[in-house]
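The chain contents come next:
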Amino acid sequence: MTGRVCPVGIVAVTLAVAFGTSASAGQPRWTSRDRPPITVDHPELSASLARLYAGSSRWRKALEDIVNTGRRVVVVTPDKVRVRDDSGGPDRPFDPNVIAEVQPLADDWSRVDIVVVVVNLPLLETLYSDATIADLKADLDRILAHEIYGHAIPYLLAGHLSGKCADPLPNQKATDACAIRRENEIRSELRLGERRSYSLDGLAAARRYLY
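Cut-offs used in this document
- Residues numbered from 1 in each chain as written.
- Predicted model: local features only at pLDDT ≥ 70, side-chain atom pairs only at ≥ 80, totals over all residues.
- Heavy atoms only, no water.
- Core = buried A, V, L, I, M, F, W, Y, C linked by side-chain atoms within 4.5 Å.
- Buried < 20%, exposed > 50% of the residue type's maximum accessible area, 1.4 Å probe, protein only.
- Helix = DSSP H or I, 4+ residues; strand = E, 2+ residues; numbered from the N terminus.
- Contact = heavy atoms within 4.5 Å.
- Salt bridge = Lys/Arg side-chain N within 4 Å of Asp/Glu carboxyl O.

(A) View of the nonpolar core. Of all hydrophobic cores here, the largest spans 42 residues; its most connected members are Trp59, Val75, Ile99, Val119, Leu124 and Ile148. In terms of residue count, the dominant contributor to this core is helix α5 (residues 133-158) (12 residues). Those residues in contact with Trp59, other than ones at most four positions away along the chain, are Ile38, Leu49, Leu52, Tyr53, Leu144, Ala145, Ile148, Tyr149 and Ile186. By size, the runner-up hydrophobic cluster in this structure holds 9 residues, among which are Val74, Val76, Val83 and Val98.

(B) A look at the pattern of salt bridges. This model, assessed by the stated rule, comprises 11 salt bridges. Asp65 is the partner of Lys61 in a salt bridge, and the nearest nitrogen-oxygen pair spans 2.9 Å. Placement of the pair is Lys61 and Asp65 together in helix α3 (residues 57-67), with a separation of 4 residues, close to one helical turn. On the basis of relative accessibility, which here comes to 26%, the residue Asp65 falls in the partly exposed class. A salt bridge links Asp107 to Arg111, with the nearest nitrogen and oxygen atoms 2.7 Å apart. Classification of Arg111 as partly exposed rests on a relative accessible area of 45%. Here the salt bridges do not stand alone but share partners, grouping Arg58, Glu185 and Glu189 into one network.

Bear in mind that shape data such as this cannot, by itself, settle questions of function.
As structure tokens, then:
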């Protein structure tokens, strides 16, 4: 995930809204028998996905592989999810201070067909209120590269929680971690710079506000 907050169980209480919308801008037209490998509910997120698709051969190949499995990524904004309290308390809204989060939806056998990626656009719009549009777009591409290519796609290719591609472990060099290594593959193709730490310093604009 992007940030330091531990993942929590995301309850997809309104995901049906997102399921009907494909990230179609700049994307291939999947055949009627194919389920789009990524569904998205917001034009800014769709535009970012289109840039990633256009600029990265690795990204395109990963989506082709996912289409063949029938599994998919659902990219949503915080208003489309609720967060489950593992201690049995009431569901609550997505944390307004978290930039992005990934949650695989696993069955009782740990099989994964859908991974939810939540991107906190309201927070980003606040953080980038006086930044350039180019900075916002580039950082959104970096965030989606990490959350989708770094975390979500490995789950879907495995079809199981065993496909987890982790963030850095304690005392592990960030660039050696699975998710950041994969993120950097996409960053390299799109010339978005190498991510060398697990902090938010790798984002062009957010670091000016958070550090």
